[in-house]
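Listed here are the chains, written in short residue letters.
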There are 2 protein chains.
Amino acid sequence: MGEFELIEKYFGRAARRAPLGVGDDCALLDLEPGMRLAVSTDLLVEGRHFLSTVAPERLGHKALAVNLSDLAACGAEPLAFTLALSMPRVDEVFLAGFARGLYALADRHGIELVGGDTTAGPLSICITVFGQVPPDQALLRSGARPGHDLWVSGRLGDARLALEVFRGNALLPGSAFDEVRRAMECPEPRIALGLALRGLATSAIDLSDGLAGDLGHVMRLSGVGATIEYDALPRSSVLALQSPELQRECLLAGGDDYELLFSAPRSRRDAVLAAAAEAQVAVSCIGSIDAGEALRIVDADGRPLAPAARGFDHFA
Amino acid sequence: MGEFELIEKYFGRAARRAPLGVGDDCALLDLEPGMRLAVSTDLLVEGRHFLSTVAPERLGHKALAVNLSDLAACGAEPLAFTLALSMPRVDEVFLAGFARGLYALADRHGIELVGGDTTAGPLSICITVFGQVPPDQALLRSGARPGHDLWVSGRLGDARLALEVFRGNALLPGSAFDEVRRAMECPEPRIALGLALRGLATSAIDLSDGLAGDLGHVMRLSGVGATIEYDALPRSSVLALQSPELQRECLLAGGDDYELLFSAPRSRRDAVLAAAAEAQVAVSCIGSIDAGEALRIVDADGRPLAPAARGFDHFA
């Protein structure tokens, strides 16, 4: 099977929304009048971003999910995506599963594949997503102000816990492992929450490199400090049974959470909870934005814990 | 040097045109009112799309050039691009050269890097470019009609000839090698020509996989056949000195030409030549679009030559 046959067989769906999809030099897209284009790109490399043990269907899901998560963190409505895929040889079992997982998530968000590239090479996946957002409603990393609440969606740390099991550093019973493995392999992009937070959140970021590291980006770009109430960090019952050291590592420096971390004025607590209910996602208030530039992590009595580990660095 | 420091040092230019560039979850872009977004993505893998012998500066140029070439073939005006880069380790000499070549070409076209991703992994480069085009003026592959002239810009085959020298299948004196190597490593995207052909060309494609293969895409999507006058194919004096077999392979199945192949009504010949003069690019009329679905390649007397080799396939 050659390159063009492969594209036709697995990625050859006709575009319905885009004026021009796969098959010409460029894809063509329209934005609604007055909307701004939001763009994000992520590159996933085997062994770095996913293990060779992952099911192709879950990999197809995750490759798109981590990109959609960036649109969610921007408050953008997804429109379309491109896919550049390199793999050592044409593996039809892999491709069929990958495409199935990819399109299942795409269909749930009403978006389509409009272009891409395929080539022989090491297994890697580069997806670029396109969304639209009203110019004055994009959620940025730079709008957090002292006194704002700090919120997070879903639960943290399960993906990192699964990784530690794969690394041989933790041991879980089968059903517990399935649960945290699912968190690692099938993250759910918080698109509906991002849309519901337009005009409400003052800053937002998606958690891909760990809470402490990603919060650091918000702090730097907003020129603020922050306090995290450690005991308020939402965690699964599986993670809550692990050693204090492992829990802390997973919660603060986990990576691969793909939850939204956002700030909002204290006066808007009810509105945040209503937005989360509308989006059908749990949210937890985990601390506050402070003046200064320090990150403080405190226990239930307000006593400081030791500084958190650093965020995930893909060259470390 | 970590991931974030790397991005800051080599790719940390502030956006001037885009409302939001590198550094948030998404980049934000505006189109001019009434314009359509044109998008293209290309993945370059070491050993497949470039040799390890290429100078980093030329690689930076080429990675962006092959993407801009797709915008040119669509008649789109370039706006911005994203870059996803994986490399085995942080190599500052490589990065400095790569960024220099990349930005030199970007600056010439007034476009900026708005986002991306970097990670450790095999050396590969994925660029996605964004352009804008009026909805009714995009150059597509589907508009060629019988009787139209077939045109090509620049010269064909030099890049393939250089590859054959690297492969040990051809031998050239130093200055001749430099010339064809330059064609392979520093293709010039025909943006100005693509813009000048808006409303004039009835179809267009950029030549990346070889003339015969790429013309095949136009024939299929337009539902037409075509005749190529072999002797009219523009070639360098270096290529013209090679054996007839090698010349034919390079001209018809070369790949990596990044010239524009386009059709236009016969009545618009003067307008095509004027557009090319405006864009300061040579163009050659190399044949015509026919009814039917066959590709004929004929000599100066109209006698058929043997069928051409197939286009380049990245999984063959």
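Residues numbered from 1 in each chain as written. Chains lettered and ligands numbered in written order. Predicted model: local features only at pLDDT ≥ 70, side-chain atom pairs only at ≥ 80, totals over all residues. Heavy atoms only, no water.

Engineer: Looking at this model, I keep getting lost on the environment of Met87 of chain A. Mind explaining?
Structural biologist: Following the sequence through the fold, Met87 of chain A ends up in strand β3 (residues 77-87). Overall, the relative accessible area of 2% leaves Met87 of chain A in the buried class. (Helix = DSSP H or I, 4+ residues; strand = E, 2+ residues; numbered from the N terminus. Buried < 20%, exposed > 50% of the residue type's maximum accessible area, 1.4 Å probe, protein only.)

Engineer: What should I look at first to understand the sheet that holds strand β9 (residues 260-264) of chain B in this one?
Structural biologist: Backbone-to-backbone hydrogen bonds join strands into a sheet, with any given pair of strands oriented parallel or antiparallel. Residue and element names in this part refer to chain B. The strand order across the open sheet built from six strands is β7-β9-β6-β10-β8-β11, with neighbouring strands paired in mixed fashion. The open sheet has two free edges, formed respectively by β7 (203-206) and β11 (295-298), since each of these has just one partner strand. Here the average twist between neighbouring strands, direction ignored, is 25°. Pairing of strand β6 (residues 149-153) with strand β10 (residues 283-290), which is carried by five bridges, proceeds in the antiparallel orientation. Residue pairing across strands places Leu150 opposite Gly287, the latter belonging to β10. (Pairing = 2+ DSSP bridges. Axes fitted to C-alpha atoms, helices over the stretch in contact; angles between N-to-C directions.)

Engineer: I tried to follow the domain arrangement of chain A on my own but got confused; where do I start?
Structural biologist: Quite often, the size of an interface is put as the accessible area lost when its parts meet. Residues and elements named next belong to chain A. Looking at the assigned domains, one finds that chain A contains domain 1 (3-133) and domain 2 (149-298). A straight line from the C-alpha centre of domain 1 to that of domain 2 covers 25 Å. Listed by partner, the interface residues are 23 residues for domain 1 and 20 residues for domain 2. Regarding the contact of domain 1 and domain 2, the summed buried area is about 1800 Å², with carbon and sulfur atoms giving 58% of it. (Domains from an automatic or database assignment. Contact = heavy atoms within 4.5 Å. Buried area = accessible area lost by both parts, 1.4 Å probe.)

Engineer: Even after reading the chapter, I still don't get helix α1 (residues 3-11) of chain A, so can you show me in this structure?
Structural biologist: Along an α-helix, residues three or four positions apart point the same way, because every turn accommodates 3.6 residues. Residue and element names in this part refer to chain A. Turning to α1, its buried residues are Glu3, Leu6, Tyr10 and Phe11. Each buried residue of α1 lies within a common arc of 75° when the element is viewed along its axis, so the set occupies one face. Those residues of α1 that are exposed and angled more than 90 degrees off the buried face are Glu8 and Lys9. Lining the buried residues of α1 we find β3, α3 (92-108) and β4 (112-120). (Arc of directions from axis to C-beta.)

Engineer: Can you help me understand unusual backbone geometry in this one?
Structural biologist: Outside of glycine, negative phi angles account for most residues, and trans bonds account for most peptide bonds. At Tyr258 of chain A, a residue that is not glycine, the phi angle is positive and equals roughly 55°. By the element assignment, Tyr258 of chain A lies in the loop between α9 (244-253) and β9 (260-264).

Engineer: Got a minute to help me understand the interface of chain A and chain B in this structure?
Structural biologist: In this complex, chain A contributes 61 residues to the contact, which on the side of chain B involves 62 residues. One salt bridge connects Asp24 of chain B with Arg141 of chain A, and the closest N-O pair in it is separated by 3.7 Å. Between chain A and chain B we count 19 residue pairs in polar contact (both at pLDDT 80 or more) in total. Here the element with the most residues in the side of chain A that touches chain B is strand β2 (residues 36-45) of chain A; it accounts for nine residues. Looking at the side of chain A that touches chain B residue by residue, the classes come out as 34 nonpolar, 14 polar and 13 charged. (Salt bridge = Lys/Arg side-chain N within 4 Å of Asp/Glu carboxyl O. Polar contact = N/O pair within 3.5 Å; in protein donor to acceptor, adjacent residues only side chain to side chain. Nonpolar A, V, L, I, M, F, W, Y, C, P; charged D, E, K, R; others polar.)

Engineer: How should I be thinking about the UniProt feature "binding site: ATP" (unreviewed entry) in chain A in this particular structure?
Structural biologist: Look at the UniProt record and you will see "binding site: ATP" (unreviewed entry) annotated at Gly116, Asp117, Arg141 and Ser208 of chain A. A stretch of 93 residues holds the annotated residues, and the largest C-alpha distance among them is 31.4 Å, long enough that they do not meet in one place. Residue placement: Asp117 of chain A occurs in strand β4. Looking at Asp117 of chain A, the relative accessible area reads 11%, which means it is buried. With residues near it in sequence (within four places) discarded, Asp117 of chain A still touches Glu3, Leu83, Ala84 and Leu85 of chain A together with Thr41, Asp42 and Leu43 of chain B. Tracing the backbone through its elements, the reader meets Ser208 of chain A in the loop between β7 (203-206) and α7 (211-222). (UniProt positions renumbered as here; feature names shortened; annotations may be inferred.)

Engineer: Looking at this structure, how should I read the sheet that holds β3 of chain A?
Structural biologist: Reading across the sheet, the five strands line up as β4(A)-β3(A)-β5(A)-β2(A)-β1(B) and stay open at both edges, with mixed pairing between neighbours. This sheet does not close on itself; its edge strands, each paired only once, are β4 of chain A together with β1 (27-29) of chain B. When the angles between neighbouring strand axes are averaged without regard to direction, this sheet yields 20°. When β3 of chain A meets β4 of chain A, the two strands line up parallel, connected through eight bridges.

Engineer: Explanation requested: the pattern of salt bridges in the structure shown.
Structural biologist: Where side chains of opposite charge bring their charged atoms close, a pairing between them can arise. All names here are of chain A. The full count for this structure, using the stated rule, is 42 salt bridges over all chains. Residues Glu249 and Arg160 are paired through a salt bridge, measuring 3.1 Å at the closest nitrogen-oxygen approach. With a gap of 89 residues between them, Glu249 in helix α9 and Arg160 in helix α4 (residues 158-166) connect regions that are remote in the sequence. A relative accessible area of 30% means that Glu249 is categorised as partly exposed. Several salt bridges converge on common partners, so that one network encompasses Arg160, Glu164, Arg167 and Glu249.

Engineer: Just to check I follow, could you spell out the packing of helix α2 (residues 56-72) of chain B against helix α3 (residues 92-108) of chain B for this structure?
Structural biologist: What describes two packed helices is the angle between their axes and the distance between those same axes. Residue and element names in this part refer to chain B. At a minimum axis separation of 6 Å, α2 and α3 run at an interaxial angle of 40°. On the basis of their axis angle, the class for α2 and α3 is oblique. Both α2 and α3 take part in a crossing whose hand is right-handed. Residues Pro56, Glu57, Leu59, Gly60, His61, Ala63, Leu64, Ala65 and Leu68 of α2 form the contact with α3, whose participating residues are Phe94, Gly97, Phe98, Arg100, Gly101, Leu102, Leu105, Ala106 and Arg108. Taken together, the residues of the contact of α2 with α3 break down into 11 nonpolar, four polar and three charged. (Parallel < 35°, antiparallel > 145°, perpendicular 65-115°, else oblique. Left-handed = near helix turned anticlockwise from the far one by under 90°.)

Engineer: What is the right way to look at the relation of the copies chain A and chain B in this model?
Structural biologist: Once chain A has been moved 0.0 Å along the axis and rotated by 180°, it coincides with chain B to within an RMSD of 0.0 Å. Between the two chains, the operation in question is that of a two-fold axis. Here 100% of the interface residues in chain A have copies in chain B that are interface residues too; the copies meet face to matching face. (Least-squares fit on C-alpha atoms with pLDDT ≥ 70 in both.)

Engineer: I tried to follow the side chain of Ser263 of chain A on my own but got confused; where do I start?
Structural biologist: All names here are of chain A. With respect to the helices and strands, the residue Ser263 is situated in strand β9. At a separation of 2.7 Å, a polar atom in the side chain of Ser263 contacts the side chain of Ser203. Beyond its immediate chain neighbours, meaning those up to four positions away, Ser263 contacts Ala144, His148, Asp149, Leu200, Ala201, Thr202, Ser203 and Ile289.

Engineer: How should I be thinking about the pairing of strand β10 (residues 283-290) of chain A in this particular structure?
Structural biologist: On a regular strand, each side chain points to the face opposite its neighbour's, so the side chains alternate between the two faces of the sheet. Residues and elements named next belong to chain A. Within β10, seven of the eight residues are buried, leaving the element largely enclosed by the surrounding structure. One ladder, built from four bridges, connects strand β8 (residues 225-229) with β10; its direction is antiparallel. For Gly225, the partnering residue across the bridge sits in β10 and is Asp290.

Engineer: So what exactly am I meant to see when it comes to the state of the cysteines here?
Structural biologist: Chemically, a disulfide is nothing more than a covalent bond linking the sulfur atoms of two cysteines. Evaluation of the coordinates by the stated rule reveals zero disulfides over all chains. Of all cysteine sulfurs in the structure, the one in Cys126 of chain B sits closest to Cys126 of chain A, which takes part in no disulfide; the separation is 3.1 Å. The exposure class of Cys126 of chain A is buried, given its relative accessible area of 2%. We note that Cys250 of chain B lacks a disulfide partner, and the nearest cysteine sulfur, in Cys186 of chain B, lies 19 Å from it. (Disulfide = S-S within 2.5 Å.)

Engineer: Whenever I open this one, the packing of helix α4 (residues 158-166) of chain B against helix α9 (residues 244-253) of chain B confuses me. Can you help?
Structural biologist: Residue and element names in this part refer to chain B. For the pair α4 and α9, interaxial distance at closest approach is 8 Å and the crossing angle is 125°. In terms of axis orientation, α4 runs oblique to α9. Here α4 and α9 pass one another in a crossing that is right-handed. Contact residues: Arg160, Leu161 and Glu164 in α4; Leu246, Glu249, Cys250 and Ala253 in α9.

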